[in-house]
Structures are given as structure tokens and as C-alpha cells.
Amino acid sequence: MQLYYLGPKGTFSYLAAKTFISEEKATYSPKSNLYEVVKAVNGNDDSIGIVPIENSIEGTINIIADALALQEIYVHGEIHLAINFALYGKEGATVEDIKKVYSIAPAISQTSLYIYRHQFSYDYVDSTIQGLDKISDTEGAIAPLGSGEAYGYTPIDSNIQDYPHNVTRFLVVKNHDRYNTGAKNTILLITPKFDKAGLLASILNTFALFNINLSWIESRPLKTKLGMYRFYVQADIGLCNELNKVMSILETLDFKVKVIGAFNRH
């Protein structure tokens, strides 16, 4: 089995993949960006992709939300990964030695209070691991705790994220909707056919009618007209008669409904 993830080795996507399936049981293939991960999964029937969909601080990763609607990928699993950042530098360096740090934009954002407190200047790179290449006597890298060690670095400081309960939710995606039986979570893509009052209320009220809890609700532009949106809902229920009734009601209310995920949380 081929496993695609946002690389290189040591990224949070890599760490999430390791909690799902070991490198001994799958061939890990890093990609340089999330679009390439989705494209690779689309073109390989015997593959999975590990992609981030939501961070508890930064919110939804829009490129993946849009891919679920516009590309042929489907959700077959979910992984929650605690996000812990570390400051890496040269051996023997201290925090006081560092004047500038490098990382990706979300990592800079999620450690902004730490950066401000130490009055670091900062700049962006394409991946947290790429920041390790910038390390010098006065420059450090902000990267996932536990990742720099694979490249010969030890953390100067650890758990430097602004919020202690920072979690990223990853999805396990494949290019087909042949879901395993017994799934307890379902993701629906709900697209209104017309713009009218109470669209979101209609969706929420229909799920409430059957006492179905929703653990994720998101909207994204349809990209056809300003003010038109599609909705993503994750229901804490599997594919069953109750969910079929919800879908039927929504369709009578002029929504197009598509199942884009059925899985159990990992």
C-alpha cells in the first residue's frame, strides 16, 4: 500500500501517519504540498493519503475541504494528533543565542506569543523540516517536537505553542467510497440548489429532529457566485436508516446531498 503525506519526514502529517499505520506495513511517499497528496491519491487505487482538515487554533484547512468537494477523494478514517512545537538550534545553543526563527506560516502563528516574548524576528519556509536547514549560531527552527532529532538536532526549548491543548485533526482519504461496514461517523456534503432564507437552519433542524449530533460544521464558497456556499457536516452516526431519512428530507428541501466519508475515529 502506498501512503502519501505532506513531507518531508518529520512533519506533523508524517507523525500522524505513523499513528495510523507503520512504515513496515505501507510505503511512505512524501509530497511537497497538499495538492500533490490529493492528486497522488486520486491516481492510485491502492493508496491512502493522510491530510490535515482542521486545527483547534487555526480552524479548517481550506485546500482539503475544497478537495473533498471538487476531487474524487473520500474519507475512510480520522486521526487526532496533539501539536507540540519545539525550538531547534545548534548543539549547545540556548534560547538567548537565537535572534531569528524559521518555520511554516501556521507554526509561526501557533507560536506567536513565544516569538513575541523572546523578540525573535522570523521568516517562512515551505515546511517545518526545511527550517532546520536555516539553523546557525543565531538562527533557529520551529518544528514538531520529536522531528528534529531525526536530522541530528536536539530541542533548545519544547512545548512552545501558544495554547497547551493544540490538536490537529487528520483525515485518511482514498479515491473510492467503498466504506467498511460498522462506521460510526459520517461526513456529508450538502449543497443548496437555490439561495433562500434559512438554509443552514434547515440543515441543523433536520439533524436535530432525529437527535443526531454534529461534531463538525463548515461552509465553503461554491466559487460560482458571491454569497453561495456548500456545507460540510460530520454526524456522529453511521450509514443507517435514520441518516437516510435525514438525507431524503434535505433533498426535498432542495439540497443536493452526498456522502463523502464513513469511518471510525482512530
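The structure displayed is predicted, hence computed values, not measured ones. (Residues numbered from 1 in each chain as written. Predicted model: local features only at pLDDT ≥ 70, side-chain atom pairs only at ≥ 80, totals over all residues. Heavy atoms only, no water.)

Some remarks on the domain arrangement of the protein chain
One can read the domain layout of the protein chain as domain 1 (2–82 + 166–174), domain 2 (85–158) and domain 3 (185–260). A C-alpha centroid distance of 24 Å is found between domain 1 and domain 3. With 14 residues of domain 1 at the interface, the matching set in domain 3 holds twelve residues. Taken together, both faces of the contact between domain 1 and domain 3 bury some 1100 Å²; the carbon and sulfur share is 52%. (Domains from an automatic or database assignment. Contact = heavy atoms within 4.5 Å. Buried area = accessible area lost by both parts, 1.4 Å probe.)

With respect to the nonpolar core
Leu3, Tyr28, Ile50, Leu87, Phe120 and Ile142 are the most contacted members of the largest nonpolar core, which totals 28 residues. Among the elements of the structure, strand S1 (2–6), helix H1 (12–20), strand S3 (47–55), strand S5 (74–82), strand S6 (85–88), helix H4 (105–110), helix H5 (112–117) and strand S11 (167–174) are those that each provide at least two residues to this core. Sorting elements by how many residues they give to this core places H1 first, with four residues. Formed jointly, this core draws a minimum of three residues from each of two domains, domain 1 (2–82 + 166–174) and domain 2 (85–158). In terms of nonpolar packing, the next biggest core, distinct from the first, is built from 23 residues, Val37, Ala65, Leu68 and Val75 among them. (Core = buried A, V, L, I, M, F, W, Y, C linked by side-chain atoms within 4.5 Å. Buried < 20%, exposed > 50% of the residue type's maximum accessible area, 1.4 Å probe, protein only. Helix = DSSP H or I, 4+ residues; strand = E, 2+ residues; numbered from the N terminus.)

Re unusual backbone geometry
Pro8 follows Gly7 through a cis peptide bond whose omega is 5°. Structurally, Pro8 can be placed in the loop between S1 and H1. Even without glycine at this site, Asn159 takes up a positive phi of about 50°. Within the secondary structure layout, Asn159 lies in the loop between strand S10 (155–158) and S11.

Points about the packing of aromatic side chains
Applying the stated criterion across every chain yields a total of seven aromatic pairs. One aromatic cluster is present, formed by Tyr5, Tyr14 and Tyr28 through successive ring pairs. (Phe/Tyr/Trp six-rings, centres within 6.5 Å; stacked < 30°, edge-to-face > 60°.)

Brief notes about the side chain of Thr191
Inspection of the secondary structure puts Thr191 in strand S12 (residues 185–192). Look past the residues within four positions of Thr191 in its chain and what remains in contact with it is Leu222, Arg230, Asp254, Phe255 and Lys256.

Considering the packing of helix H2 (residues 34–42) against helix H3 (residues 62–70)
Where H2 meets H3, the closest approach of the two axes is 10 Å, and the angle between their N-to-C directions is 25°. Classified by the angle their axes make, H2 and H3 are roughly parallel. Once H2 is placed against H3, the crossing between them reads as right-handed. Seen from H2, the contacting residues are Leu34, Tyr35 and Val38; seen from H3, they are Ile63, Ile64 and Ala67. (Axes fitted to C-alpha atoms, helices over the stretch in contact; angles between N-to-C directions. Parallel < 35°, antiparallel > 145°, perpendicular 65-115°, else oblique. Left-handed = near helix turned anticlockwise from the far one by under 90°.)

Some remarks on the sheet that holds strand S7 (residues 100–103)
Spatial strand order, S8-S7-S9-S6-S10: five strands in an open sheet with mixed pairing. Both edges of this open sheet fall to strand S8 (121–124) and S10, since each of them pairs with a single strand only. Pairs of neighbouring strands in the sheet enclose a mean axial angle of 30°, with direction left out of account. Two elements, S7 and S8, share four bridges in a ladder whose sense is parallel. Counted as the bridge partner of Tyr102 is Asp123 from S8. (Pairing = 2+ DSSP bridges.)

Focus on the UniProt feature "domain: Prephenate dehydratase" (unreviewed entry) in the protein chain
When the UniProt feature table is mapped onto this chain numbering, "domain: Prephenate dehydratase" (unreviewed entry) sits at residues 2–175. Each end of residues 2–175 is marked by a C-alpha atom, and these two atoms are 13 Å apart; helix forms 22% of the span and strand 34%. (UniProt positions renumbered as here; feature names shortened; annotations may be inferred.)

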